[in-house]
Amino acid sequence: MAAVCSLSSLLSLQTSLEYGLEDADSVQEKETLIYQYLKKVDERETDLKVPEFQEGSTKGCITISFSSDKYNTIEGLEWLNTKEPLFLSKQLSGKVVVLDFFTYCCINCMHILPDLHALEQKHSDKDGVVVIGVHSAKFPNEKILDNIKSAIIRYNITHPVVNDPDAILWQDLEVSCWPTLVILGPHGNMLYSLVGEGHKDQLLLYCSTALHFYKEKGEIKDHRIGIDLYGNSAPSSLLAFPSKVILDSTGEKLVISDTGHHRILIAKRNGQLLYTIGGPTSGWKDGSFAVAKFNSPQGIAVIKNTIYVADTENHLIRMVDLLEEKVSTIAGVGMQGTDKEGGAFGKQQPISSPWDLALGTAGSNEYNVLWIAMAGTHQIWALFLDDGKLPKGSEIKKGTCVRFAGSGNEENRNNAYPHKAGFAQPSGLSLALEEPWNCIFIADSESSTIRMVSLKDGAVKHLVGGERDPVNLFAFGDIDGVGFNAKLQHPLGVAWNKQKGLLYVADSYNHKIKVVDPKTKECTTLAGTGEAGSSFAQNLTDCAFNEPGGLAVNENGTLLYITDTNNHQIKVLDLEAQHVSLLPVTLRPADTVDSLRSPIRPPKQSRSSPRIEMSSVIVSVGQSLQCELALSLPADTKLTEEAPSLWALSSEGNDWLQGQNTMGQIQDLSIPQLIPVTIPLGQPVTGLVLVVDVFLYFCSKKDGACMMKGVTFRQPLQISSSNQTSTSKVMLQYSF
């Protein structure tokens, strides 16, 4: 279908408005200019109408289907966060609508999410403002609905999202880049467009003024549009979208950025948790492990008893002191910066979406610099932990945070001069300090390349992926090969194996782990089917991952640790035995859980998990209650030995479970699992409910496919006035 209108139709009108706003001094002057502009645009309403969401289809409007999976489909367009598909001529009629054209890999798209949240906080759909995310994918992997669902949970997107995999509306309106905001009037007519990030003030001003303008005309409606958040179905696991993993200098401990839970986990090498720092909600707070807050932390680096954290969505670098058990901020100001040069001392230097970290040296034999993959400005930065200097540079004082490589332009440009090179959302770093390398390897995600920066002279060189044209960021695919002939799809992680002289790559959107020989520039698939999944198999290429994001090699180069991000798991690839296994991230035994510096919380039960309402049981104060879990698995399945099947207790009525064991592991279903509970003194007579959540991880004996299922038992309790001394028993039975 021919385009009804395009953004170019608005260009001349909006350009005049923007020039006028630059000269306006007061808010009243600005509002007057916008009112005059809206009158002109309103007169051209017919010319500026956008097509309905379904008009890109070749099949016509046939069916509307609803599902418990929180999305709706109409003629190929899939909706999330709504109870039904939305239409400009129906539910969105009478609303000021903001269309956010985005793709979930794009760092610039992530940057405007806080702006959209601010708008939604200021004006609700009842007020007359609705934000619609129009997902127009860059990569093939981003067209898949399940992956968009994961992104909605990961980035806490709370407005409706429509998956437009063929970019029909994008093409109709002649959108040219991510992100682009198109603001519509109450009749589906275009009012403004905002291209790129950094337009929060304009967005709020334009929407508020448009709302007032159309309210005066009586054209704004206050009906609700039917929000139904998919994000309420949070991952049911101890991990949520883990992004990076690293081993400490002893090789005995793992540090994991549990990004979806906004926390850092420290575990033994076998996965048993020692500390949890931050979480489960986002924030920015320094202090003890119990009170510290992060916001979607990603990259981590460890030296002795210090952990450095790329606190990505806080735009900060944090330091975790394991001896003092405290978290502090060492770089960034807590909001996104636009500076592409740097040079200020850490806490005075604004930075932008730091994504990964690596500890290295600069002008010294000691670890004196923290290298930063600054995804937000498409650069590599350095934070000096002690005095030093950059290659061919002058001395730099301790605490200084400065640009090392990258012009700030989003490009795939290699150059002997580091400031003239260009990166495209660098997301993974790994150091090779030995000769002949002495470089930083970089996973440059948006150019789908692996690059390297020399620590001798700062020269930026290509290794594999992409193509020679520095401005083409669409040279992606899934091809093993040499140099430019190899193709990747949005790689997020790299790990150098100095024993083998090989570089491992988390080829995230191809759901694979690849290996690169930097001497020959040959890139080959090591593990992964190329399709999203979580199965284990004898052959590495039959194992499945789902957007793996981080890698770490152990000290002797025999094990590769993998954050399987969308599967919420840590996996271990044995490089000698050529086998992949699940690393069980588990709680300590019950008698040592209290030694955790910040309590580990049980996973959240999925909204689709069954809830069993039990008959009320009469007990007396001080009496013991024995809950017996009798569970059975489907035929031809078994509990996953590597994963932590759990039961977890909670209560309704008050906090009467304090001081009792509220969590335990399930290792054998052939006998009932016993959960002792004591009814304490002084409890109210009514309103107590004991809640038992069960989380089982089990695998098929035939194909090894693993899954997690849950069930919730709700056991009401009535307190009797009699003094019973015998133990009451409650049987909790369920077959999965």
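Residues numbered from 1 in each chain as written. Predicted model: local features only at pLDDT ≥ 70, side-chain atom pairs only at ≥ 80, totals over all residues. Heavy atoms only, no water.

Draft legend 1. Looking closely at the overall build of the protein chain. For the protein chain, the count of helices and strands is six helices and 47 strands. The burial tally for the protein chain puts 57% of its 736 residues in the buried class. For the protein chain, restricting intrachain contacts to residue pairs at least 6 apart in sequence, the fraction spanning at least 24 positions comes to 59%. Surface accessibility of the protein chain: about 29700 Å² in total, with carbon and sulfur atoms responsible for 48%. (Helix = DSSP H or I, 4+ residues; strand = E, 2+ residues; numbered from the N terminus. Buried < 20%, exposed > 50% of the residue type's maximum accessible area, 1.4 Å probe, protein only. Contact = heavy atoms within 4.5 Å. Areas by Shrake-Rupley, 256 points an atom, 1.4 Å probe, with all protein chains shown as cover.)

Draft legend 2. How the structure looks around the pattern of salt bridges. Taken as a whole and judged by the stated rule, the model has 23 salt bridges. Where Asp 42 meets Lys 217, a salt bridge forms, and the shortest distance between an N and an O atom there is 2.3 Å. Here Asp 42, found in helix H2 (residues 27–43), pairs with Lys 217, found in the loop between helix H6 (200–216) and strand S9 (244–247); they are 175 residues apart in sequence, far enough to count as distant. For Asp 42, a relative accessible area of 16% puts it in the buried group. The salt bridge involving Glu 613 is made with Arg 714; its shortest N-O contact spans 2.8 Å. Placement of the pair is Glu 613 in strand S38 (residues 611–613) and Arg 714 in strand S46 (residues 706–720), with a sequence separation of 101 residues. Several salt bridges share partner residues, and in doing so they unite Asp 478, Asp 507, Lys 512 and Lys 514 into one network. (Salt bridge = Lys/Arg side-chain N within 4 Å of Asp/Glu carboxyl O.)

Draft legend 3. Looking closely at the sheet that holds strand S24 (residues 400–405). Taken in spatial order, the five strands line up as S18-S24-S21-S20-S19 in an open sheet, and their pairing is antiparallel. Every interior strand has two partners, whereas the edge strands, strand S18 (342–345) and strand S19 (354–360), have only one. Put simply, the sheet's adjacent strands are angled 25° from each other on average, direction ignored. (Pairing = 2+ DSSP bridges. Axes fitted to C-alpha atoms, helices over the stretch in contact; angles between N-to-C directions.)

Draft legend 4. Region of the structure containing the confidence of the model for the protein chain. Put simply, the protein chain has an average pLDDT of 87, and 88% of its residues get 70 or more. In the predicted structure, residues 55–75 sits below a pLDDT of 50 and forms 48 contacts with residues beyond four places in sequence or in another chain. Long-range and interchain partners of residues 590–600, a stretch whose pLDDT sits below 50, account for 21 contacts in this model, where long-range means more than four residues apart. (pLDDT = per-residue confidence, 0-100.)

Draft legend 5. Main features of the packing of aromatic side chains. Using the criterion set out here, one finds 17 aromatic pairs in the structure. For the ring pair Phe 698 and Phe 736, a centre distance of 6.5 Å and an interplane angle of 55° mean the geometry is tilted. Placement of the pair is Phe 698 in strand S45 (residues 688–700) and Phe 736 in the segment after strand S47 (728–735), with a sequence separation of 38 residues. Since its relative accessible area comes to 2%, Phe 698 is described here as buried. Residue class for Phe 736 comes out partly exposed when judged on its relative accessible area of 21%. Of the aromatic side chains, those joined through ring pairs into one cluster are Phe 101, Tyr 104, Phe 139, Trp 170, Trp 178, Phe 474, Phe 476 and Tyr 509. (Phe/Tyr/Trp six-rings, centres within 6.5 Å; stacked < 30°, edge-to-face > 60°.)

Draft legend 6. Layout of the sheet that holds strand S14 (residues 297–303). With respect to topology, five strands assemble into an open sheet ordered S13-S17-S16-S15-S14, the strand pairing being antiparallel. The strands lining the two open edges of the sheet, one partner per strand, are strand S13 (287–288) and S14. Bridge analysis of S13 against strand S17 (residues 326–331) gives two bridges, and the strand direction is antiparallel. Across the sheet, Ser 288 pairs through a bridge with Lys 326, a residue of S17.

Draft legend 7. Inspection of the packing of H2 against H6 at higher detail. Across the interface, H2 lies against H6 with an axial gap of 10 Å and an inter-helix angle of 60°. When the interaxial angle is binned, H2 and H6 end up oblique. The way H2 lies across H6 gives a crossing that is right-handed. For the pair H2 and H6, the contacting residues are Lys 30, Glu 31, Ile 34, Tyr 35, Leu 38, Lys 39 and Asp 42 in the first and Leu 205, Tyr 206, Thr 209, Ala 210, His 212, Phe 213, Tyr 214 and Glu 216 in the second. Residues belonging to the contact of H2 with H6 are distributed by class as follows: eight nonpolar, two polar and five charged. (Parallel < 35°, antiparallel > 145°, perpendicular 65-115°, else oblique. Left-handed = near helix turned anticlockwise from the far one by under 90°. Nonpolar A, V, L, I, M, F, W, Y, C, P; charged D, E, K, R; others polar.)

Draft legend 8. Focus on the pairing of strand S16 (residues 316–321). When strand S15 (residues 306–311) meets S16, the two strands line up antiparallel, connected through six bridges. In the strand pairing of S16, Ile 307 is matched with Val 320. The loop that links S15 with its antiparallel partner S16 comprises four residues; one of these, His 315, has a positive phi angle of about 60°. Sheet analysis places S16 next to S17, joined by five bridges and oriented antiparallel.

Draft legend 9. Fine view of empty space enclosed by the protein. According to the stated counting rule, one finds three cavities of 30 Å³ or more in the structure shown. Roughly 180 Å³ of volume is contained in the largest cavity. Around the largest cavity, the lining comprises 18 residues; the ones closest to its centre are Arg 154, Tyr 155, Gln 298, Trp 355 and Leu 492. Considering only residue class, the lining of the largest cavity consists of eight nonpolar, seven polar and three charged. In this model, the second largest cavity occupies a volume close to 60 Å³. Lining of the second largest cavity is provided by Met 110, Arg 154, Tyr 155, Thr 259, Ser 296, Gln 298, Thr 312, Glu 313 and Trp 355. Grouping the amino acids of the lining of the second largest cavity by side-chain chemistry returns three nonpolar, four polar and two charged. (1 Å grid on protein atoms, 1.4 Å probe; cavity = no way out; pocket = protein on both sides within 12 Å on 5 of 7 lines; lining within 4 Å. Points joined across faces, edges and corners; volume = space filled by probe spheres on them.)

Draft legend 10. Focus on the environment of Arg 224. Along the chain, the position of Arg 224 falls in the loop between H6 and S9. For the pair Arg 224 and Asp 127, spaced 97 residues apart in the sequence, the C-alpha separation amounts to 9.2 Å. A distance of 2.5 Å separates the side chain of Arg 224 from the side chain of Asp 125, its partner in a polar contact. (Polar contact = N/O pair within 3.5 Å; in protein donor to acceptor, adjacent residues only side chain to side chain.)

Draft legend 11. Summary view of the side chain of Thr 82. Structurally, Thr 82 is set in the loop between strand S3 (77–80) and strand S4 (96–102). Of note is the side chain of Thr 82, whose polar atom sits 2.9 Å from the backbone oxygen of Glu 84.

Draft legend 12. Region of the structure containing the environment of Asp 115. Looking at where Asp 115 falls in the secondary structure, it is placed in helix H3 (residues 107–122). Between the C-alpha atoms of Asp 115 and Leu 203, which are 88 residues apart in sequence, the distance is 8.0 Å. Contacts of Asp 115, omitting those with residues within four sequence positions, involve His 199, Lys 200 and Leu 203.

Draft legend 13. Inspection of H6 at higher detail. For H6, spanning 17 residues, the distance from its first C-alpha to its last is 25 Å, which sits close to the expected 24 Å at 1.5 Å a residue. For H6, the set of buried residues is Leu 203, Leu 204, Tyr 206, Cys 207, Ser 208, Thr 209, Ala 210, Leu 211, Phe 213 and Tyr 214. In the stretch just after H6, Gly 218 is the one whose phi turns positive, near 75°. (Expected span 1.5 Å × (residues − 1).)

Draft legend 14. Highlighting the nonpolar core. Phe 53, Leu 99, Ile 132 and Tyr 192 are the most contacted members of the largest nonpolar core, which has 79 residues in total. At eight residues, the largest contribution of residues to this core is made by H6. Not counting residues up to four positions away in its chain, the partners in contact with Phe 53 are Leu 77, Trp 79, Leu 86, Phe 87, Leu 88, Leu 92, Leu 99, Ile 132, Val 162 and Leu 169. Counting residues in hydrophobic clusters, the runner-up holds 26 residues, among them Leu 625, Cys 627, Ile 679 and Val 692. (Core = buried A, V, L, I, M, F, W, Y, C linked by side-chain atoms within 4.5 Å.)

Draft legend 15. Inspection of unusual backbone geometry at higher detail. Residue Pro 179 follows Trp 178 across a cis peptide bond; omega there is -10°. Tracing the backbone through its elements, the reader meets Pro 179 in the loop between helix H5 (168–172) and strand S7 (180–184). The step from Gly 279 to Pro 280 runs through a cis peptide bond, and the omega angle for that step is -5°. Checked against the element boundaries, Pro 280 lands in the loop between strand S12 (273–278) and S13.

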